[in-house]
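Structure at a glance
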Amino acid sequence: MATYFTPGRADAIERALVDHVKRRAPRSQRRTWAAGLLLTGALAGAGASAGAFAATGMLQPADAPVEQPAGQPTPDLPDPVTAPAGTTPGAPVVSLLGHEPLSIAVDAATEVSLLDRPAGATHARVTITPTAPGTLHWGTDPDGNNPTATWTSADLADGAPGAAWQDFPLDASVDTLYLDPRDFAGVATVQFVAHVPTLLGTNGRGETFGTTGSPEGEPDLIAVEATNGKFGYVYREELDEATGETAARDFTSPEDALEWQERNRGRTHTLPVYLADGTTQIGEFRLESP
């Protein structure tokens, strides 16, 4: 599944850059630093709520079959296997478990128990379908450190708005799904799934290719959907340069981040999209500064 980013989701990328800088700054300097980009292409292999973070490489999507940071849920996953036909290397093979998914109408703060889950479930796939515009925070962190998605009236007026989804990792510490709407109404659907991680591919040039969040780390070539609808890969170095990940490694103050943002305001970055060989171009991937 590919992830599309609307202007409302630019904030997610901005927060990723801000958090990235904060983690590198002395405690006394931890203030709000702003920088961010809007993706108008599509990053393959991540849910809509997580894709903005995955695009920068600064945060892993919640469904990534990788070692989680300390304190994060860590599913009991099998060893990675070679990606079968039809699966992008690095993306998990996902199997649906249990019977009919659970659907919940959401227009007020809601808690959903995740304890009654099938044996072998490694993640809870939560799909959000809006029926009225607004913002929804949802996830399994009781402290509220959860994904956010926003839909506008224009999104709903354009026809059926795209549903946002994410696979939340499960372990013994996870027992509840938290849904916190802000002027939002919609339907949340929960389906338990099992992930089997897959290995990255390697092309004839010795470059790895696949999705972000691989158990082997980040690939040299990252899977995307080009503006022409074709699926291919962009070079990680070029994506890091365009998103600000490269620049953020050297940020030491709020002024550094703000200066970078101003320099890139209104700029469009166009990256070539290649086949897995890393040389045959099949399209373009665009990023625009907000």
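Here the structure is a predicted model, which is why all the values come from computation and not from measurement.

1. Remarks on the sheet that holds strand β6 (residues 110-113)
With antiparallel pairing, the 4 strands of this open sheet are ordered in space as β6-β11-β8-β9. Strands with a single pairing partner mark the edges of an open sheet, and in this sheet they are β6 and β9 (148-151). Strand after strand, the sheet turns through a mean of 20° between neighbouring axes, direction not considered. Examined bridge by bridge, strand β8 (residues 134-139) and β9 share 4 bridges and lie antiparallel to one another. In the strand pairing of β9, L136 is matched with A149.

2. Side note on the pattern of salt bridges
A complete count under the given rule lists 10 salt bridges for this structure. In this structure, R236 and E218 form a salt bridge, with 3.1 Å as the shortest nitrogen-oxygen distance. Of this pair, R236 sits in helix α4 (residues 236-243) while E218 sits in the loop between β14 (208-210) and β15 (221-225), and the two are 18 residues apart along the sequence. Residue class for E218 comes out partly exposed when judged on its relative accessible area of 28%. When salt bridges that share partners are traced, they join E218, R236, D240, E245 and R249 into one network.

3. Some details on the nonpolar core
Inside soluble globular proteins, nonpolar side chains tend to come together where they are buried. Ranked by size, the top nonpolar core spans 24 residues in total, and within it I128, W138, L177 and L179 carry the most contacts. Discounting chain neighbours no more than four positions away, the residues touching I128 are L136, W138, W151, A163, A164, L179, F184, V187 and A188. V224, L239, L271 and F285 belong to the second largest nonpolar core, which has 11 residues in total.

4. With respect to the confidence of the model for the chain
Residues at a pLDDT of 70 or more form 73% of the chain, whose mean pLDDT is 77. When the elements of the chain are averaged for pLDDT, strand β1 (residues 2-4) gives the smallest value, 31, and β14 the largest, 97. Here residues 1-43 scores under 50 on pLDDT; set against residues more than four positions off or in separate chains, the count is 127 contacts. Counted against residues more than four places away or in other chains, residues 45-69, with its pLDDT under 50, gives 82 contacts.

What counts as what
- Residues numbered from 1 in each chain as written.
- Predicted model: local features only at pLDDT ≥ 70, side-chain atom pairs only at ≥ 80, totals over all residues.
- Heavy atoms only, no water.
- Pairing = 2+ DSSP bridges.
- Helix = DSSP H or I, 4+ residues; strand = E, 2+ residues; numbered from the N terminus.
- Axes fitted to C-alpha atoms, helices over the stretch in contact; angles between N-to-C directions.
- Salt bridge = Lys/Arg side-chain N within 4 Å of Asp/Glu carboxyl O.
- Buried < 20%, exposed > 50% of the residue type's maximum accessible area, 1.4 Å probe, protein only.
- Core = buried A, V, L, I, M, F, W, Y, C linked by side-chain atoms within 4.5 Å.
- Contact = heavy atoms within 4.5 Å.
- pLDDT = per-residue confidence, 0-100.

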